[in-house]
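Topology and contacts: notes
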Number of protein chains: 2
Amino acid sequence: MTGEFDFIHNLLNKTTKNKPQFSAVKIGIGDDCAVISQNSKTDLVVTADLLVEDIDFRLDWTRAEFVGHKALAVSLSDIAAMGAKPLWALVSIGIPEKIWKTDFVEKFYAGWFNLAKKFNVELAGGDVSRTPDKTVIDSIVAGETKKDRAVLRSGAKVGDLIFVTGKLGDAAAGLRLLENGCRLDSEKGSRKNFIRKQLAPNPQIEIGFKLSEKKLATAMLDLSDGLSSDLAHLCRASKVGARLVAEKIPFETNLQQVLRQNEDVISFALNGGEDFELLFTARPKDKNKLEKLFGEKITCIGQITDDVEKIELADVSKTILLEPQGFRHF
Amino acid sequence: MTGEFDFIHNLLNKTTKNKPQFSAVKIGIGDDCAVISQNSKTDLVVTADLLVEDIDFRLDWTRAEFVGHKALAVSLSDIAAMGAKPLWALVSIGIPEKIWKTDFVEKFYAGWFNLAKKFNVELAGGDVSRTPDKTVIDSIVAGETKKDRAVLRSGAKVGDLIFVTGKLGDAAAGLRLLENGCRLDSEKGSRKNFIRKQLAPNPQIEIGFKLSEKKLATAMLDLSDGLSSDLAHLCRASKVGARLVAEKIPFETNLQQVLRQNEDVISFALNGGEDFELLFTARPKDKNKLEKLFGEKITCIGQITDDVEKIELADVSKTILLEPQGFRHF
């Protein structure tokens, strides 16, 4: 049995072996989006995200509007991670008979269009099919960047600073609350916010786009698997290492509330998936510019090192080697 | 409960309502592909097809290689129907644990790449997910046409001739044989061919592209639901009617073999889905040119009339009104 990483690695080999002589695809499998030649001034970036009932969402934990919102949001987050502007989308949806008879589809699209409107994304097409049992959604979004200006995972250089947007671990906290039987409607305050972040995340389109527009990010991806895993992806692609400063990892104070005994809030924030915030690297000389532009929306959490694929976590007393422990797809 | 047509109609209303001020999407939901502005010389066409286990394919009837072939073929058929040249593709695949442990995925991609190579299609990305129970595939293919030259469903004019490629009903015959317990490996001759056509259809990329290149097709779509249904789609989009000549409908002589008692071979050919041949209309003055170019690969089966959305079938003795009876998605 192979994991998703091996799967993608095998596919990469296959696509390389089968590459046509004249290829429109500049960057294929392995980044947040594929990058495709579009015209002399711009590139197209495109991503697909499959959401499967009882794997990626549970109908008794969420609302149809949130499923529509999240399907689009996770793909928009990939678009954001390339520094691109979203343009158009396809939605393929497979629905079992029993769901087809409800108002699920109507509400799903209400949630989808509500988010699409915010970012000027146009629904161009897709497919609809019956399924034997579970609902399944494939969300495809395309965006554009200036030519050769998509921000890849592979551009980080030794000495670059590491930044994240937002706070980490909120979505994982929301997931835990849901698993513990809490529901959005019956919660308040930060617990409600955690659940909302899990069910209806906000893609960081503006920040991603501005970073690319102003050439401030050297590498970028979105935090879907959890910081420890996603930073490992970035380091692997860039052939570098990273050193994180534990006290800089940003998290909500109330995150403590959802922790189990002996659980450490930093580890929780480092390993929690689905925040759909951005992780990016930048040249040290641009630090002031970044802080001026984004203020508290971003946090510098460490620096890129030459210790290839090693991720260290330093706190006041010691430095430990970090193992990627975020969400694995298989 | 609504059918797929109502579903698409509702979505069309929603997309119109939610259309951004500056839109890249020239043709959205309702044709074989969406058409999107790409640059000053070309348009991008893009399609998505969802294939669900036990709805669109059965693992005990087919081979993993054929599933990969068919997933790509059905999308390529949509690209062909726009008169486009295929460029790149995404594949999202959801796989249950038990399938993940087999060589299904390896063979699926072998079948996919085998067909992709034939048409110079490059795999640009996609997604992979676990599913609770059934395998599901979303196949996305993009192609390009010269600017404003995608062949739409809506261009048929009164007096245009109606053509199809290939023979009709083969794939439906294959499906019936499979339902009756026949399998590819144990059959020979035309029965084997019928089953192969059902499991691994051939998209008519060359004919579609040539029709568009030489500006010979006024309207086109691919035969996925069956001629009676697909011609109804064309007539609705073009706001015209059609008159078919029964004796011109092309089918394999051996199709008779799979018919039930009292079943009529013309009806079977008219209503059988999944042939993935092309249905197109052309100006009468181009008939000779078409026959010279394509010979026996195409057949003229009737003519477009001004009797909006009415489809007549004329044989030697009488003319009947044809009801769309092909495959319905719901």
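Attention here is on the structure that accompanies the text.

Digging into the sheet that holds strand 9 (residues 241–245) of chain A
Note on sheets: strands pair through backbone hydrogen bonds, and any given pair is parallel or antiparallel. Residues and elements named next belong to chain A. Read from one edge of the open sheet, 7 strands run 8-10-7-11-9-12-13, paired in mixed fashion. Two strands lie at the open edges of the sheet, namely strand 8 (219–222) and strand 13 (319–321), each paired on one side alone. Across the sheet, the axes of successive neighbouring strands diverge by a mean angle of 25 degrees, strand direction being ignored. Pairing geometry for strand 9 and strand 12 (residues 311–314), over 4 bridges, is parallel. Bridge pairing links alanine 242 to isoleucine 311 in strand 12. Running at roughly 20 degrees to strand 10 (residues 278–282), helix 7 (residues 205–213) makes contact with strand 7 (161–165), strand 8 and strand 10 of the sheet. Here helix 8 (residues 227–238) sits on the sheet and contacts strand 7, strand 8, strand 9, strand 10, strand 11 (298–305) and strand 12; the angle it forms with strand 8, its principal contact strand, is near 145 degrees.

Overview of the packing of helix 2 (residues 64–81) of chain B against helix 4 (residues 104–118) of chain B
Residue and element names in this part refer to chain B. Remark: helix 2 packs on helix 4, axes separated minimally by 6 Å, with the N-to-C direction vectors making an angle of 40 degrees. Put simply, helix 2 runs oblique to helix 4. Every pair of crossing elements has a handedness; the one defined by helix 2 and helix 4 is right-handed. Of the residues in helix 4, those touching helix 2 at Ala64, Glu65, Val67, Gly68, His69, Ala71, Leu72, Ala73 and Leu76 are Phe104, Lys107, Phe108, Gly111, Trp112, Leu115 and Ala116. Across the contact of helix 2 with helix 4, the residue classes break down as 11 nonpolar, 3 polar and 2 charged.

Considering the relation of the copies chain A and chain B
Expressed as a screw transformation, the operator carrying chain A onto chain B has a rotation angle of 180 degrees and an axial translation of 0.0 Å, and the superposed copies differ by an RMSD of 0.0 Å. Within this description, the copies of the chain are treated as partners about a two-fold rotation axis. Interface residue correspondence from chain A to chain B reaches 100%, placing this contact among same-surface, isologous pairings.

Thoughts on the pairing of strand 8 (residues 219–222) of chain B
All names here are of chain B. Burial of strand 8 is two-sided: the residues Ala219 and Leu221 facing one way and the residues Met220 and Asp222 facing the other way are all buried. Where strand 8 meets strand 10 (residues 278–282), 4 bridges bridge the pair, whose relative direction is antiparallel. Bridge pairing in strand 10 places alanine 219 opposite threonine 281.

A closer look at the side chain of B:Asp275
Residues and elements named next belong to chain B. By the secondary structure assignment, aspartate 275 is in the loop between helix 9 (265–271) and strand 10. For aspartate 275, which is buried and forms no salt bridge, the nearest opposite charge comes from lysine 197, at a distance of 4.3 Å. Sequence-distant contacts of aspartate 275, that is, excluding residues within four places in its chain, are made with Lys167, Leu168, Gly169, Asp170, Ala171, Lys197 and Leu223.

Structural notes on the interface of chain A and chain B
Across the contact, 63 residues belong to chain A and 64 residues belong to chain B. Both sides of the chain A and chain B interface together cover about 5,600 Å² of buried area, and 69% of this is carbon and sulfur. Where chain A packs against chain B, one counts 0 salt bridges. Put simply, chain A and chain B have 8 residue pairs in polar contact (both at pLDDT 80 or more) between them. Elements with a minimum of two residues in the side of chain A that touches chain B: helix 1 (4–17), strand 2 (34–37), strand 3 (42–52), strand 4 (85–96), helix 3 (97–100), helix 4 (104–118), strand 5 (122–131) and strand 6 (136–146) of chain A. Element by element, the count of residues in the side of chain A that touches chain B is highest for strand 5 of chain A, at 10 residues.

Some details on the packing of aromatic side chains
Applying the stated criterion across every chain yields a total of 10 aromatic pairs over all chains. On the numbers, 6.1 Å between centres and 25 degrees between planes, the contact of B:Phe104 with B:Phe108 is stacked. A residue pair is termed a helical-turn pair when its members lie 3 or 4 positions apart in one helix, as B:Phe104 and B:Phe108 do in helix 4 at 4 residues. Assigned by exposure class, B:Phe104 and B:Phe108 land together as buried. Ring plane angle 85 degrees and centroid distance 5.1 Å describe the contact between B:Phe108 and B:Tyr109, whose orientation is recorded as edge-to-face. What makes B:Tyr109 buried here is its relative accessible area of 2%. By way of ring pairs, the aromatic residues A:Phe104, A:Phe108, A:Tyr109, A:Trp112 and A:Phe113 are connected into one cluster.

The rules behind the values
- Residues numbered from 1 in each chain as written.
- Chains lettered and ligands numbered in written order.
- Predicted model: local features only at pLDDT ≥ 70, side-chain atom pairs only at ≥ 80, totals over all residues.
- Heavy atoms only, no water.
- Pairing = 2+ DSSP bridges.
- Helix = DSSP H or I, 4+ residues; strand = E, 2+ residues; numbered from the N terminus.
- Axes fitted to C-alpha atoms, helices over the stretch in contact; angles between N-to-C directions.
- Contact = heavy atoms within 4.5 Å.
- Parallel < 35°, antiparallel > 145°, perpendicular 65-115°, else oblique.
- Left-handed = near helix turned anticlockwise from the far one by under 90°.
- Nonpolar A, V, L, I, M, F, W, Y, C, P; charged D, E, K, R; others polar.
- Least-squares fit on C-alpha atoms with pLDDT ≥ 70 in both.
- Buried < 20%, exposed > 50% of the residue type's maximum accessible area, 1.4 Å probe, protein only.
- Lys, Arg positive; Asp, Glu negative; His and termini not counted.
- Salt bridge = Lys/Arg side-chain N within 4 Å of Asp/Glu carboxyl O.
- Buried area = accessible area lost by both parts, 1.4 Å probe.
- Polar contact = N/O pair within 3.5 Å; in protein donor to acceptor, adjacent residues only side chain to side chain.
- Phe/Tyr/Trp six-rings, centres within 6.5 Å; stacked < 30°, edge-to-face > 60°.

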